[in-house]
Amino acid sequence: MANNNASPNTPMEYQSETGRLNIFGFWIFLGAEVSLFATLFAAYFALKNGTVGGPLPNEVFDLNNTIIMTLILLTSSFTSGLAINEMRRNNVKSMITWLIITLLFGLGFLYMEVSEFVHLVNEGANLGTNAFWSSFYLLTGTHGLHVSLGIGWIILIIMQVLKRGLTPDTAKKVFVSSLYWHFLDFVWIFVFTGVYLLGMVG
């Protein structure tokens, strides 16, 4: 339902009551996601010393590879922000361009993560090796799954924008998908710090 009292300066995604409620509801959803990842981090830190029977993380982690993955994901967060900026300027073509670039960075991140998993398995660190590696794959794999879902979601939104144009409804969807993408980058910073950096020195 459109809000006829909305200011002309109000962002398009906030110009309807439904849009505002949906965005608020999505913030609540992100709160649930925070709880999920907090639980996974708690499990990881509870089990991180269970390394008997497998290689230690500092023996098999490739920090340079992880730094590149981190830079790729952080850059994708920046390009996602640029897409929202172009949306606010009603520049649909540029918005979609930045969204596609964001997707390419996301796919690059996933490729490097899968390659890392293959490397770790070849080094004898698989899901069933010990408690540490089980918790590692559960945490990083869940994050990777969320990135995959985010990519699929953004692709569907791009298709809707191309079909319906930029409306308060499609603008809301672009905006909440950007929030989701920024959230995944935020979670990854904790993964990078708590798992990889501490794993290398531990």
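In what follows, the structure referred to is the one given above.
In this text the structure is predicted, and so the values were computed from the model without any measurement. (Residues numbered from 1 in each chain as written. Predicted model: local features only at pLDDT ≥ 70, side-chain atom pairs only at ≥ 80, totals over all residues. Heavy atoms only, no water.)

Undergrad: For unusual backbone geometry, give the residues involved together with the corresponding values.
TA: Among all residues except glycine, the phi angle is most often negative; among peptide bonds, the trans geometry is most common. With a phi angle near 65 degrees, asparagine 90 is a residue other than glycine that sits in the positive phi range. Within the secondary structure, asparagine 90 sits in the loop between α3 (63-88) and α4 (92-122). (Helix = DSSP H or I, 4+ residues; strand = E, 2+ residues; numbered from the N terminus.)

Undergrad: Kindly report on the environment of methionine 87, identifying the contributing residues and their values.
TA: Counting through the fold element by element, methionine 87 comes out in helix α3. Since its relative accessible area comes to 3%, methionine 87 is described here as buried. In sequence terms methionine 87 and leucine 166 are 79 residues apart; their C-alpha atoms lie 8.1 Å from each other. Not counting the four nearest positions on each side in its chain, methionine 87 is found in contact with Glu13, Met95, Leu166, Ala171, Val174 and Phe175. (Buried < 20%, exposed > 50% of the residue type's maximum accessible area, 1.4 Å probe, protein only. Contact = heavy atoms within 4.5 Å.)

Undergrad: Before we move on, could you go through α3 and cite the residues and values that matter?
TA: The first and last C-alpha atoms of α3 sit 38 Å apart over 26 residues, in line with the 38 Å expected at 1.5 Å per residue. The N-terminus of α3 is capped by aspartate 62, whose side-chain oxygen sits 3.2 Å from the backbone nitrogen of asparagine 64. Where α3 terminates, the next one or two residues include asparagine 90, which has phi positive at roughly 65 degrees. (Expected span 1.5 Å × (residues − 1). Polar contact = N/O pair within 3.5 Å; in protein donor to acceptor, adjacent residues only side chain to side chain.)

So, to be careful, I would describe these as geometric facts and stop short of saying anything about function.
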